[in-house]
Amino acid sequence: MNRVDTILEIRNLRASINESEILKNLNLVVNKGEIHAIMGPNGSGKSTLSKVVAGHPAYSIISGDIIYEGKSILNLEPEERSHLGIFLAFQYPIEIPGVSNEDFLYLSYNSKLKALNKDEISPIEFFSIISEKLKIVDMSATFLSRNVNEGFSGGEKKRNEIVQMLLLDSKLSILDETDSGLDIDALKIISNGIRVFMNEEKAIILITHYQRLLDYVKPDFIHVMKDGKIIKTGSAELAKQLEKKGYEWLEKSS
């Protein structure tokens, strides 16, 4: 891969929250067209990594850098990172009472168009676009009139995250345990949405505990995190070994 094909490069990143260091000299390179899966035991820093890349204000960078498309993004606000093409699907999507999905998605879409110096679109034009995205994740148009995630099942919340990803068409998508709590039908729907979204110009980071998502979405690389850094990288076969043996064998051999 040439440098121009690199979407994300994390260099010796150290990050903390409440004066507790979570990420400890973490390194990662993600290129266009690649799907990376990050696995590891609870407390290893996986969700922290996703939030730090997205710019969550609760985390402090101690040292290192996050390079996105060749430029450091450490000083950029979360919305600026989003407009550049970074998307984060939350492990626990929040409810937003009083705000309809239609308004939320419409304003999000037009906000990105404005950031790209493009003309904003009308509600009628938007409805045509969002209707196609809803079909991909098997959601009814009635979902648009409901408040964001309010009263949603776990599967509906996760599908809502995928709808946002499809709509914003981001270059780098980080999906934090999008498969957790899903039954097999919902997992297939989510996986289909990821496959439809992915192309040679994009990259995805999947944070997961389970092999089952990786049966439907084939990663190019599996990374295992422990104690704030990546301790092992391998092919999809590594996930199968982890499913059978857990993490203890890997810790003993590292």
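Calculation rules
- Residues numbered from 1 in each chain as written.
- Predicted model: local features only at pLDDT ≥ 70, side-chain atom pairs only at ≥ 80, totals over all residues.
- Heavy atoms only, no water.
- Pairing = 2+ DSSP bridges.
- Helix = DSSP H or I, 4+ residues; strand = E, 2+ residues; numbered from the N terminus.
- Buried < 20%, exposed > 50% of the residue type's maximum accessible area, 1.4 Å probe, protein only.
- Salt bridge = Lys/Arg side-chain N within 4 Å of Asp/Glu carboxyl O.
- Core = buried A, V, L, I, M, F, W, Y, C linked by side-chain atoms within 4.5 Å.
- Contact = heavy atoms within 4.5 Å.
- Axes fitted to C-alpha atoms, helices over the stretch in contact; angles between N-to-C directions.
- Parallel < 35°, antiparallel > 145°, perpendicular 65-115°, else oblique.
- Nonpolar A, V, L, I, M, F, W, Y, C, P; charged D, E, K, R; others polar.
- 1 Å grid on protein atoms, 1.4 Å probe; cavity = no way out; pocket = protein on both sides within 12 Å on 5 of 7 lines; lining within 4 Å.
- Points joined across faces, edges and corners; volume = space filled by probe spheres on them.

Draft legend 1. Seen up close, the sheet that holds strand β5 (residues 71-72). What the four strands build is an open sheet, ordered β2-β1-β4-β5; its pairing is antiparallel. Edge strands, defined here as strands with exactly one partner in the open sheet, are β2 (20-31) and β5. Alignment of strand β1 (residues 6-17) against strand β4 (residues 60-68), held across seven bridges, turns out to be antiparallel. Following the sheet pairing, Arg-14 is matched in β4 by Ser-63.

Draft legend 2. Summary view of unusual backbone geometry. Notably, Asn-25 is not glycine yet its phi reads approximately 55°, a positive angle. The backbone of Glu-177 sits at a positive phi, close to 50°, despite the residue not being glycine. Tracing the backbone through its elements, the reader meets Glu-177 in the loop between β9 (172-176) and α6 (184-197). What makes Glu-177 buried here is its relative accessible area of 9%.

Draft legend 3. Representation of helix α1 (residues 46-54) within the structure. Taken across its nine residues, α1 has eight buried, putting it largely inside the fold. When we look at burial in α1, the residues that qualify are Lys-46, Ser-47, Thr-48, Leu-49, Ser-50, Val-52, Val-53 and Ala-54.

Draft legend 4. Representation of the pattern of salt bridges. Tallying each qualifying case throughout the model produces nine salt bridges. Residue Glu-95 pairs with Lys-157 through a salt bridge whose shortest N-O separation is 3.7 Å. Here the residue Glu-95 occupies a position in the loop between β6 (86-89) and β7 (96-100), and Lys-157 occupies one in helix α5 (residues 154-168), the gap between them amounting to 62 residues. What makes Glu-95 partly exposed here is its relative accessible area of 39%.

Draft legend 5. Quick look at the pairing of β4. As paired elements, β4 and β5 share two bridges and run antiparallel to each other. Its bridge partner lying in β5, Ile-67 is registered against Ser-72. Connecting β4 to the next strand, β5, in antiparallel fashion are two residues, including Glu-69 with a positive phi near 50°.

Draft legend 6. Quick look at the nonpolar core. Core analysis: the largest hydrophobic core is formed by 45 residues, its most contacted members being Leu-175, Ile-194 and Leu-206. Here Leu-206 is in contact with Ile-35, His-36, Ala-37, Ile-38, Leu-175, Ile-194, Leu-213, Leu-214 and Val-217, once residues within four sequence places are set aside. Formed by 26 residues, the second largest nonpolar core is a distinct cluster that contains Leu-49, Ile-66, Leu-88 and Ala-203.

Draft legend 7. Region of interest: the packing of α5 against α6. For the pair α5 and α6, interaxial distance at closest approach is 10 Å and the crossing angle is 10°. With respect to each other, α5 and α6 are oriented roughly parallel. Listed contacts from α6 to Lys-158, Arg-159, Ile-162, Met-165 and Leu-166 of α5 are Ile-189, Ile-190, Gly-193, Ile-194 and Phe-197. Its residues placed into classes, the contact of α5 with α6 shows seven nonpolar, one polar and two charged.

Draft legend 8. Main features of the layout of surface pockets. Counted as a void, the largest pocket has a volume near 690 Å³. Along the wall of the largest pocket there are 28 residues; nearest its centre are Ser-82, Leu-88, Phe-90, Phe-104 and Gln-164. Among the secondary structure elements, those contributing two or more residues to the lining of the largest pocket are α1, α2 (78-84), β6, α3 (101-115) and α5. Taken as a whole, the second largest pocket spans an internal volume of roughly 290 Å³. Along the wall of the second largest pocket there are 15 residues; nearest its centre are Lys-112, Leu-116, Lys-118, Leu-168 and Asp-169. Secondary structure elements with two or more residues in the lining of the second largest pocket: α2, α3, α4 (123-136) and α5. In terms of residue class, the lining of the second largest pocket is made up of eight nonpolar, two polar and five charged.

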